[in-house]
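Overview (structure and organization)
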Amino acid sequence: MKLRALILAAALAMPGDPAPAQDGARPRAVVEAIAERIRDQYFSIERGDAIADALEAEAAAGRYDAFTDPRDLAAELSARLRPEDAHFVVLHDPAGPAA
């Protein structure tokens, strides 16, 4: 089975400078976008769905709401996803497309 590296470079729909997230909406939107990419691109449909479902549940429970700096959110998501698959990396790219 061929493993495909999945790098999730996200502009995170957040400003480059730290700013207070309003009610966690921005981090939740970012996590939703990343979950969608995992669901669409992960090599195992079943495993991708399970990983995405878990991320969405964590976001809905507010796990990522306190992250106001997109670089910190990206680092947290990378740390969260790496045990699932060592190829996962989430990057904040302020010049990239909004999530």
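Preceding this section is the structure that the text describes.
Read on for an overview of the structure. Just so it is clear, the structure is predicted and the values come from calculations on it, not from any experiment. (Residues numbered from 1 in each chain as written. Predicted model: local features only at pLDDT ≥ 70, side-chain atom pairs only at ≥ 80, totals over all residues. Heavy atoms only, no water.)

1. Brief notes about the nonpolar core
Judged by nonpolar contacts, the single largest core of 17 residues is most densely connected at I34, I38, L55, Y64, L77 and L81. Per-element accounting of this core gives the leading share, five residues, to helix α1 (residues 25-41). Leaving out residues up to four positions away in the same chain, Y64 has contacts with P27, V31, L55, E58, A59, L73, E76, L77 and R80. (Core = buried A, V, L, I, M, F, W, Y, C linked by side-chain atoms within 4.5 Å. Buried < 20%, exposed > 50% of the residue type's maximum accessible area, 1.4 Å probe, protein only. Helix = DSSP H or I, 4+ residues; strand = E, 2+ residues; numbered from the N terminus. Contact = heavy atoms within 4.5 Å.)

2. Observations regarding helix α2 (residues 45-60)
Think of an α-helix as 3.6 residues a turn; residues three or four steps apart then line up on the same face. For α2, built from 16 residues, the straight-helix expectation of 22 Å at 1.5 Å per residue is met to within 8% by its first-to-last C-alpha distance of 22 Å. On the buried face of α2, the contacting elements are α1 and α3 (70-81). Just beyond α2, the residue with positive phi is G62, at close to 90°. (Expected span 1.5 Å × (residues − 1).)

3. Things to note about the packing of α1 against α2
Look at α1 against α2: their axes get within 8 Å of each other, and the N-to-C directions meet at 175°. The orientation of α1 relative to α2 falls into the category roughly antiparallel. Taking contact as the criterion, the partners of R28, V31, E32, I34, A35, I38 and R39 in α1 are, on α2, G48, D49, I51, A52, D53, L55, E56, A59 and A60. Residue composition of the contact of α1 with α2, grouped by class: nine nonpolar, one polar and six charged. (Axes fitted to C-alpha atoms, helices over the stretch in contact; angles between N-to-C directions. Parallel < 35°, antiparallel > 145°, perpendicular 65-115°, else oblique. Nonpolar A, V, L, I, M, F, W, Y, C, P; charged D, E, K, R; others polar.)

Take it as geometry only, folks, not as evidence of what the structure does.
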